[in-house]
Amino acid sequence: MIRAVWLILILAVMSVGSVTQRAPWPQGESFLHFLEHNNLPQSIYWNLDKEDKELCEEIRAGVTYYVTRDDNLTHIEQVLIPINEELQIHIKRDEKGNYTFEMIPILYEEVTESFAISINYSPYSDIKKATNNGLLAKAFVDAFANSVDFRSGLQKGDKVSLVYTEKLRLGRPFGMPVIKAAMVQTRKKPHYIFRYNGRYFDDKAREVESFVFRKPVNNVRVTSRFTLRRWHPVLHRYRAHLGVDLGGRTGTPVYAAADGRVVYAGRLGGYGNVIKIRHRDGFLTLYAHLHKFRSGIRRGKYVKKGQVIGYIGSTGMSTGPHLHFGLYKNGRPMNPLGVIKITKKRLYGKTRKEFIRYAKKMKQELDRVAESLQPPRRLDDISVTKMSIEDLPQKVANKND
Ligand SMILES: [Zn+2]
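A quick note: this is a predicted structure, and the numbers were derived from the prediction, not measured.

### Topic: the coordination of the zinc ion
In this structure, His-241 (NE2), Asp-245 (OD) and His-324 (ND1) serve as the protein donors to the zinc ion, at separations of 2.1 to 2.2 Å. We note that the donor set of the zinc ion lies within a single chain, spaced as H-x3-D-x78-H. You can call Asp-245 buried: its relative accessible area is 6%.

Okay, structure coming up:
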């Protein structure tokens, strides 16, 4: 219901003699700089509360944002900047020329696609070539990363088949495609994976992803949970919290959650003193509001799982000492509580039964697709067939065109 209301509002604003441009968010651009470059009042940022200031640090380089100007290009009427796949920043000019800031849901539809191809060179390059979708090829390879060795096991002519979902925003694919089920042959022998409750399992109900993180503090006391999008009933607005807050006294040691390389150690707006560590398989962890860093911790430094990297504090926008702990996979935030402390998982009992039933159905689909070598729809085709005039703001122009 709320979503529908927003669609009408946004299109109404866009249709009254205005020009909308889309562009990728520049590398290294901060929200505050963005306001400056576009002659928007900086008070938009300074008036935000602590949660919204934190979210302004979550805008990803390369994400598509939209700016709508009036016909004479004298002022900006509205701006839409995604902070994740669910929520976006909405800056809007009212009749008096004042700007408001809100978090609103991103309108998207989801399409499910399936196809199979014969391997010629490698799953990554063949999928990318057939679909023109590099993110999909990456998602496929990631999903099998811990169960099948593509380098040694594959033979020319082996098949892969997959079922996946793709999100479309304003008629264009956005975000990371999600592999629902996939099959890859190694010398004609099939290997299956199925996504179930956000994790991948093989056809024996064994989890195939096995990256293990440790707790970043010894005593975990969660003071604020992870959420991609939540309607706040008291504030009457949308919120997101792209990590978990863990309570603790100032000076409490903070540990690296896994082996990796420090890619950032310094101030970061509302997050205060921040350390970011890049791990294998596209994972990244973020530790915010730190009192200070452990000496020797700086960019480029390799750290071991469990090594002290800093100390709990209250720097940046923070009401008291705590650790904000974020976990990202390929740049997308995910719930750290779902991953830390977890070793390889097996399904049991009722869940297992349900999984087996689901996997059987998906397996039939994968085999059917592989049998007929059902061709993929290319990324460009998906966007064209799903695009309708009503979904698009008027006169969209791409800055890069
Ligand atoms: Zn937090």
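### Examining the pairing of strand 13 (residues 237-241)
Most of strand 13 is tucked away, with four of its five residues classed as buried. Here strand 12 (residues 227-232) pairs with strand 13 via four bridges, running antiparallel. Residue pairing for strand 13: His-232 is matched across the bridge by Arg-237.

### What about the sheet that holds strand 10 (residues 199-201)?
Pairing between sheet strands relies on hydrogen bonds along the backbone, with the strands arranged either parallel or antiparallel. The five strands lie next to each other as 6-7-8-9-10, forming an open sheet whose pairing is antiparallel. Of all the strands in the sheet, just strand 6 (109-118) and strand 10 have a single pairing partner and so form its edges. Strand-to-strand, the axes of this sheet are offset by a mean angle of 25°, without reference to chain direction. The sheet contact formed by strand 9 (residues 189-196) and strand 10 spans three bridges and is antiparallel. Residue pairing for strand 10: Tyr-196 is matched across the bridge by Arg-199. Docked against the sheet, helix 6 (residues 134-144) engages strand 6, strand 7 (159-169), strand 8 (172-186), strand 9 and strand 10, running at close to 45° with respect to strand 8.

### Overview of the pairing of strand 3 (residues 76-82)
In terms of burial, strand 3 is largely enclosed, as seven of its seven residues are buried. Bridge count for strand 2 (residues 64-70) against strand 3 is four bridges, and the pairing is antiparallel. Bridge pairing in strand 3 places Thr-68 opposite Gln-78. From the end of strand 2 to the start of strand 3, which pair antiparallel, there are five residues, and Leu-73 there has a positive phi angle of about 55°. Judged from the five bridges that link them, strand 3 and strand 4 (residues 87-93) form a sheet pairing that is antiparallel. Its bridge partner being in strand 4, Pro-82 is matched across the sheet by Gln-88. A loop of four residues connects strand 3 with strand 4, the two strands running antiparallel in sequence.

### Concerning the environment of Gly-310
Locating Gly-310 in the fold gives a position in strand 21 (residues 308-311). Sequence-wise, Gly-310 and Arg-294 are 16 residues apart; in three dimensions their C-alpha atoms are separated by 4.6 Å. Once you skip the residues sitting within four places of it in the chain, Gly-310 turns out to touch Thr-252, Pro-253, Val-254, Lys-292, Phe-293 and Arg-294.

### Let's talk about the sheet that holds strand 21
Sheet architecture is open: three strands sit in the order 15-21-19, paired in antiparallel fashion. The open sheet has two edge strands with one neighbour each: strand 15 (253-255) and strand 19 (292-293). Bridge analysis of strand 19 against strand 21 gives two bridges, and the strand direction is antiparallel. Residue Phe-293 lies in a different strand from strand 21, and its bridge partner there is Gly-310.

### So, unusual backbone geometry
Although it is not a glycine, Leu-73 sits at a positive phi angle of roughly 55°. Non-glycine residue Asn-330 carries a positive phi angle of around 50°. Exposure remark for Asn-330: the relative accessible area of 18% places this residue in the buried category.

### Details of the side chain of Thr-285
Relative to the elements of secondary structure, Thr-285 occurs in strand 18 (residues 283-288). A distance of 2.8 Å separates the side chain of Thr-285 from the side chain of Tyr-287, its partner in a polar contact.

### A few points about the packing of aromatic side chains
Within this structure, the stated rule accounts for 17 aromatic pairs. Judged by centre distance (5.2 Å) and plane angle (75°), the ring pair of Trp-25 and Tyr-65 falls under edge-to-face. Remark: Tyr-65 occurs in strand 2 and Trp-25 occurs in the loop between strand 1 (18-24) and helix 2 (31-37); sequence separation between them is 40 residues. Side by side, Trp-25 and Tyr-65 carry an identical accessibility label, which is buried. Considering the side-chain rings of Tyr-45 and Trp-46, the 5.0 Å spacing of their centres and the 75° angle between planes classify their relative orientation as edge-to-face. Its relative accessible area of 7% is what places Tyr-45 among the buried residues. Aromatic ring contacts, followed pair by pair, group Tyr-192, Phe-194, Tyr-196, Phe-201, Phe-355 and Tyr-358 into a single cluster. When the ring centre of Tyr-311 is taken as origin, the NZ or CZ atom of Lys-292, which lies over that ring, is 5.9 Å away.

### Structural notes on the nonpolar core
Ranked by size, the top nonpolar core spans 29 residues in total, and within it Phe-31, Phe-34, Leu-35, Ile-81, Ile-89, Ile-91 and Phe-101 carry the most contacts. Elements with a contribution of two residues or more to this core: helix 2, helix 3 (43-46), helix 4 (50-56), strand 2, strand 3, strand 4, strand 5 (99-105) and strand 13. The biggest single contributor to this core is helix 2, with four residues. Viewed by domain, this core spans two of them, domain 1 (2-107) and domain 3 (222-338), each represented by three or more residues. Counting residues in each nonpolar core, the second largest holds 23 residues, with Phe-140, Leu-154, Met-176 and Ile-193 among its members.

Criteria and cut-off values
Residues numbered from 1 in each chain as written. Predicted model: local features only at pLDDT ≥ 70, side-chain atom pairs only at ≥ 80, totals over all residues. Heavy atoms only, no water. Donors = N, O, S within 2.8 Å, 3.2 Å for Na, K, Ca; no water. Buried < 20%, exposed > 50% of the residue type's maximum accessible area, 1.4 Å probe, protein only. Helix = DSSP H or I, 4+ residues; strand = E, 2+ residues; numbered from the N terminus. Pairing = 2+ DSSP bridges. Axes fitted to C-alpha atoms, helices over the stretch in contact; angles between N-to-C directions. Contact = heavy atoms within 4.5 Å. Polar contact = N/O pair within 3.5 Å; in protein donor to acceptor, adjacent residues only side chain to side chain. Phe/Tyr/Trp six-rings, centres within 6.5 Å; stacked < 30°, edge-to-face > 60°. Lys NZ or Arg CZ within 6 Å of the ring centre and 35° of its normal. Core = buried A, V, L, I, M, F, W, Y, C linked by side-chain atoms within 4.5 Å. Domains from an automatic or database assignment.

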